[in-house]
Amino acid sequence: MGDTDNDLRRTPLYDLHVARGARMVPFAGWEMPVQYEGVMAEHNATRDGAGLFEVSHMGQVILRGEGVAEAFEALVPQDIVGLAEGRQRYAFFTNDAGGIEDDLMVANRGDHLYVVVNAACVEADVARMRAALEPKGIHVKHVTTRALIALQGPGAEAVLADLNEDVAAMRFLDVGTHALAGAECWVSRSGYTGEDGYEISVPEAAAELLVTTLLGKPGVSLVGLGARDSLRLEAGLCLYGQDIDSTTSPVEAGLSWAIQKARRTGGAREGGFPGADRILTELDKGASRHRVGLMPEGRAPMRTGVALFDAETGGAQVGEVTSGSFGPTVGGPVAMGYVTDAAARKGTRLWGEVRGKRMAVTVSDLPFVPAGFKR
Amino acid sequence: MKFTEEHEWLREEDGVIVVGITEHASEQLGDIVFVELPEEGTEVSKDDEVVVIESVKAASDILAPIDGEIVEVNEALVDEPGKVNDDPMGDAWFFKMKPADPSQMDDMMDEAAYKKFIG
């Protein structure tokens, strides 16, 4: 660290995090709060009430111009043309080898598309979009003057509706512009915790007032990146760079559900995205490995990189853990990882090698905790 | 009570040494969710990895602070790892050792020196 700390960027809410006791850590070039009170307490506060996260390190991008939806479809295997105004969808940039370059959320906000990408990939993503879209007359604007916060949990609706009752009528993946604490906010009913909730893009200058207003409501707690990780893991959601990367295909990653019919074999706009050959073939014929849920039988967490074998002694390596930790809501260790086709069936017993010892783990469904989305 | 730079405390009790981790260490580690203890009767050397503890975020080792024999382990921590956060200096001791050479503790920090060490 040391020297590189000087290069870390600070979000609009940096001072608020420090004042509220956050432990700040470097994350994707930013100084971010990893925890305040403690990961377990913050995790539970989100599942039971409403967790408030700052995610301003993520990239917000506006794409504007005639034919923007058609143009964007050249970068992703999703149906963007068919995405209705006021709706949002999970998507990913793919590469020519059929791997995933980043995962993202894309919203149709009427006269433009609004895209949110991962912090670590912002520069590459913006460059990718400029290179592909500007020649087609699409204006690509990286928005750097707005903070992004997430309010997540069963209590989120009541809390946010207290500021503007209109948000209560939003369904899962609806987007809209709503005034909150006097600021014009771009609100979506979404998140990355498996809970109902909202993500809110707010002008930088208005962010602190909005956050302190929300924190003044009962049941709202600040939550750091530590609990964000355990929440998304229990929800079976991928962390880019860990569970999915430029070598994993969407089909292997269990993300086929996010590729709509219009872009598949026989669809209205079949293919036409990077890596379509591999991805469409895998959609039709299956992949040779699969991302699966993994439930260790003991109490020891199985973390990223743990090798998975098909026998307690000897045997062959059939996979590897990509994310693993203790799941506070599950009350035990949970993990996900990739295993061969033969080892991917639910209930298959495998062994993960932890500190030289093989420990039993069962292939299980994802998510570990049922989603609380308001559909 | 003596302290190590690895944030362990050692307390002599009826000729054996009780070993645990400090309040400071437990705060830094965060919520402890898993504890793996050594077998009673194991002979260990100073700096051997004898205990594994895992927090929500990461795994850490506890090293043997001195040479000797592990004579008792705190099995209660296996079922309730969270005790390490609740009472690290008391109930949540990890193991007791019969020291091979008690003079190995002579150079360890006392409480005042440890407080200075963690700043």
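Residues numbered from 1 in each chain as written. Chains lettered and ligands numbered in written order. Predicted model: local features only at pLDDT ≥ 70, side-chain atom pairs only at ≥ 80, totals over all residues. Heavy atoms only, no water.

- Naming follows an unreviewed UniProt entry, where chain B appears as Glycine cleavage system H protein of Pseudaestuariivita atlantica.
- Word for word, the UniProt comment on chain B under Function (unreviewed entry) is "The glycine cleavage system catalyzes the degradation of glycine. The H protein shuttles the methylamine group of glycine from the P protein to the T protein."
- Quoted verbatim from the Sequence similarities (unreviewed entry) field of UniProt, the annotation for chain B is "Belongs to the GcvH family." (UniProt positions renumbered as here; feature names shortened; annotations may be inferred.)

- For chain A, an unreviewed UniProt entry supplies the name aminomethyltransferase and the organism Pseudaestuariivita atlantica.
- Looking at chain A in UniProt, the text filed under Catalytic activity (unreviewed entry) is "N(6)-[(R)-S(8)-aminomethyldihydrolipoyl]-L-lysyl-[protein] + (6S)-5,6,7,8-tetrahydrofolate = N(6)-[(R)-dihydrolipoyl]-L-lysyl-[protein] + (6R)-5,10-methylene-5,6,7,8-tetrahydrofolate + NH4(+)".
- Its UniProt record gives chain A a comment under Sequence similarities (unreviewed entry), which states: "Belongs to the GcvT family."

**Some remarks on the UniProt feature "domain: Aminomethyltransferase C-terminal" (unreviewed entry) in chain A**
Here comes step 1: The feature "domain: Aminomethyltransferase C-terminal" (unreviewed entry), as annotated in UniProt, sits at residues 289-369 of chain A in this numbering.
Here comes step 2: Annotated as 0% helix and 56% strand, the span residues 289-369 of chain A places its first and last C-alpha atoms 24 Å apart. (Helix = DSSP H or I, 4+ residues; strand = E, 2+ residues; numbered from the N terminus.)

**Thoughts on the UniProt feature "modified residue: N6-lipoyllysine" (unreviewed entry) in chain B**
Here comes step 1: Here, the residues flagged by UniProt with the feature "modified residue: N6-lipoyllysine" (unreviewed entry) are Lys57 of chain B.
Here comes step 2: According to the relative accessible area criterion, lysine 57 of chain B is partly exposed, its value standing at 45%.
Here comes step 3: If we skip the residues at most four places from it in the chain, lysine 57 of chain B touches Gly226, Asp229 and Arg303 of chain A. (Buried < 20%, exposed > 50% of the residue type's maximum accessible area, 1.4 Å probe, protein only. Contact = heavy atoms within 4.5 Å.)

**A word on the sheet that holds strand 2 (residues 23-27) of chain A**
Residues and elements named next belong to chain A.
Here comes step 1: Across the sheet, 3 strands lie side by side as 1-3-2; this open sheet has mixed pairing. Across the chains shown, the open sheet's two edge strands, defined by having one partner strand only, are strand 1 (9-10) and strand 2.
Here comes step 2: Examined bridge by bridge, strand 2 and strand 3 (residues 30-35) share 5 bridges and lie antiparallel to one another. Across the sheet, residue valine 25 finds its bridge partner in strand 3, namely methionine 32.
Here comes step 3: Helix 7 (residues 225-234) rests against strand 2 and strand 3 of the sheet, and its axis sits at about 70° to strand 3. (Pairing = 2+ DSSP bridges. Axes fitted to C-alpha atoms, helices over the stretch in contact; angles between N-to-C directions.)

**Observations regarding the state of the cysteines**
All names here are of chain A.
Here comes step 1: A full pass over the atoms with the stated rule returns 0 disulfides over all chains.
Here comes step 2: Here cysteine 238 stays free of any disulfide, with the sulfur of cysteine 121 as its closest cysteine sulfur at 13 Å.
Here comes step 3: We classify cysteine 238 as buried; its relative accessible area is 3%. (Disulfide = S-S within 2.5 Å.)

**Regarding the sheet that holds strand 6 (residues 88-94) of chain A**
All names here are of chain A.
Here comes step 1: Strand order in the open sheet made by the 5 strands is 6-7-8-5-9, with antiparallel pairing throughout. Two strands bound the open sheet, and with one partner strand each, they are strand 6 and strand 9 (139-143). Within the sheet, the average angular offset between the axes of one strand and its neighbour, ignoring direction, is 30°.
Here comes step 2: Bridging between strand 5 (residues 59-64) and strand 8 (residues 113-117) involves 5 bridges; their strand directions are antiparallel. Directly across from isoleucine 62, in strand 8, lies its bridge partner tyrosine 114.

**Brief notes about the interface of chain A and chain B**
Here comes step 1: Between chain A and chain B, the residue contacts involve 17 residues of the former and 16 residues of the latter.
Here comes step 2: Across the interface of chain A and chain B, roughly 1,400 Å² is buried in total on both sides, 48% from carbon and sulfur atoms.
Here comes step 3: Area buried by chain A at its contact with chain B is led by Arg299, Arg303 and Arg355 of chain A, which between them contribute 42% of it.
Here comes step 4: For the interface between chain A and chain B, the tally reads 4 salt bridges. (Buried area = accessible area lost by both parts, 1.4 Å probe. Salt bridge = Lys/Arg side-chain N within 4 Å of Asp/Glu carboxyl O.)

**As for the domain arrangement of chain A**
All names here are of chain A.
Here comes step 1: One can read the domain layout of chain A as domain 1 (2-50 + 145-234) and domain 2 (288-375).
Here comes step 2: Between domain 1 and domain 2, the C-alpha centre-to-centre distance is 30 Å.
Here comes step 3: Listed per partner, the contact involves 16 residues of domain 1 and 20 residues of domain 2.
Here comes step 4: Roughly 1,500 Å² of surface becomes buried between domain 1 and domain 2 when both sides are summed, with 61% attributable to carbon and sulfur atoms.
Here comes step 5: If you sort the residues of domain 1 by the area they bury against domain 2, Phe172, Leu233 and Glu234 come out on top, with a joint share of 47%.
Here comes step 6: Applying the counting rule to domain 1 against domain 2 returns 1 salt bridge.
Here comes step 7: Across the pair lysine 374 and glutamate 157 runs a salt bridge, and its minimum N-O distance is 3.0 Å.
Here comes step 8: When residues of the side of domain 1 that touches domain 2 are traced back to their parent elements, those giving at least two are helix 2 (39-48) and helix 7.
Here comes step 9: Looking at the side of domain 1 that touches domain 2 residue by residue, the class counts come to 4 nonpolar, 4 polar and 8 charged. (Domains from an automatic or database assignment. Nonpolar A, V, L, I, M, F, W, Y, C, P; charged D, E, K, R; others polar.)

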